[in-house]
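Residue-level structure breakdown
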Amino acid sequence: MKENIKLVLKGEDRTRLVEVEGIKVGKEFVVIAGPCSVENERQTIETALAVKKAGAHMLRGGAFKPRTSPYAFQGLGLKGLKILKKAREETGLPIVTEVMDPRDVSWVCEYADVLQIGARNMQNFSLLKEVGKARKPVLLKRGMHSTIDEWLSCAEYILAEGNYDVILCERGIRTFEKATRNTLDISAVSVLKEITFLPVIVDPSHAAGRASLVPSLSLAALAAGADGLMIEVHINPETALSDREQSLRPSEFENLMEKIRKLNETIRSFYERDSA
Ligand code: PEP
Ligand code: MN
């Protein structure tokens, strides 16, 4: 057995469940949706209401944005978190939001129901230790250049600090293929299911990089046995301050949710899952 992973391994005594405000990730198929970035109150609340209406279980939205360029929109920070809190009050949807700095973890916990660790920070070990000490579930994205083993080793850091509520999120990896922003590694879902008890969700938006590809990749992830999806939705993608090309409009998301429900109804017995 590899020495870098032990706590994340499947065991008879462990059930594959992370509970977020009564939502059982790993039992029911869970859809997290919302904008890439929190831009303002109206954009966030309107998107939140739309994804809630379509059947999303949680709201995503970044207040701290890890951007390639220092001149790109960096997120609203605390102001953004306050907007997310308001969206939570208006919709009842739990909030998934990224934390980038170990020094921010304790106070971001006051606003987040799930702490997201982005692909670029997957191996930020100080950050992993800090969220490991937090009393909040963690959504750990796969680093864009990372192997499954390296990814699990990062999850191990969080569990080793006592936090077992970790959700893994496959978001595509860099390959020679340029037709998509990243290559969605569907096989990671199957591999992880064999190894770990942690729930595995898929982010088709950052994998595809294009809205038109998001529905088929979402359905593929569901069919492969993923425990959920994280999808970017924006009320007006053309004006989005980040990831505009990959964001779905509310109507497109609503159509996709309909398909997700139908497919899940057909296949849920294969994976012993509750209905969406
Ligand atoms: C995001 O979720 O908006 C994001 C920045 O994703 P990733 O870390 O996967 O690039
Ligand atoms: Mn994004």
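Structural notes, computed from the coordinates. (Residues numbered from 1 in each chain as written. Chains lettered and ligands numbered in written order. Predicted model: local features only at pLDDT ≥ 70, side-chain atom pairs only at ≥ 80, totals over all residues. Heavy atoms only, no water.)

Glancing now at the pattern of salt bridges. What the rule picks out here adds up to 17 salt bridges. Here Glu232 makes a salt bridge to Arg60, at a shortest N to O gap of 3.4 Å. With a gap of 172 residues between them, Glu232 in strand 10 (residues 228–232) and Arg60 in strand 4 (residues 58–60) connect regions that are remote in the sequence. No difference in accessibility class separates Glu232 from Arg60, as the two residues are buried. Where salt bridges share partners, they join Glu21, Arg88 and Asp113 into one cluster. (Salt bridge = Lys/Arg side-chain N within 4 Å of Asp/Glu carboxyl O. Helix = DSSP H or I, 4+ residues; strand = E, 2+ residues; numbered from the N terminus. Buried < 20%, exposed > 50% of the residue type's maximum accessible area, 1.4 Å probe, protein only.)

Counting 69 residues, the largest nonpolar core has Leu115, Leu140, Leu168, Ile231 and Phe253 as its most contacted members. Residue contributions to this core peak at 7 residues, all from helix 5 (residues 148–160). Those residues in contact with Ile231, other than ones at most four positions away along the chain, are Val31, Ile32, Ala33, Gly34, Arg60, Pro204, Ser205, Val214, Ser218, Leu248, Phe253 and Leu256. One finds Val20, Val114, Ile167 and Ile201 within the second-largest nonpolar core, a separate group that totals 14 residues. (Core = buried A, V, L, I, M, F, W, Y, C linked by side-chain atoms within 4.5 Å. Contact = heavy atoms within 4.5 Å.)

With that settled, the discussion passes to unusual backbone geometry. Positive phi is not limited to glycine here, since Glu21 has a value of about 50 degrees. Along the chain, the position of Glu21 falls in the loop between strand 1 (18–20) and strand 2 (23–25). Among the residues examined, Glu21 registers a relative accessible area of 55% and is labelled exposed. Even without a glycine there, the phi angle at Glu272 is positive, about 50 degrees. Following the sequence through the fold, Glu272 ends up in the segment after helix 9 (250–267). Take Glu272: its relative accessible area is 68%, and that puts it in the exposed class.

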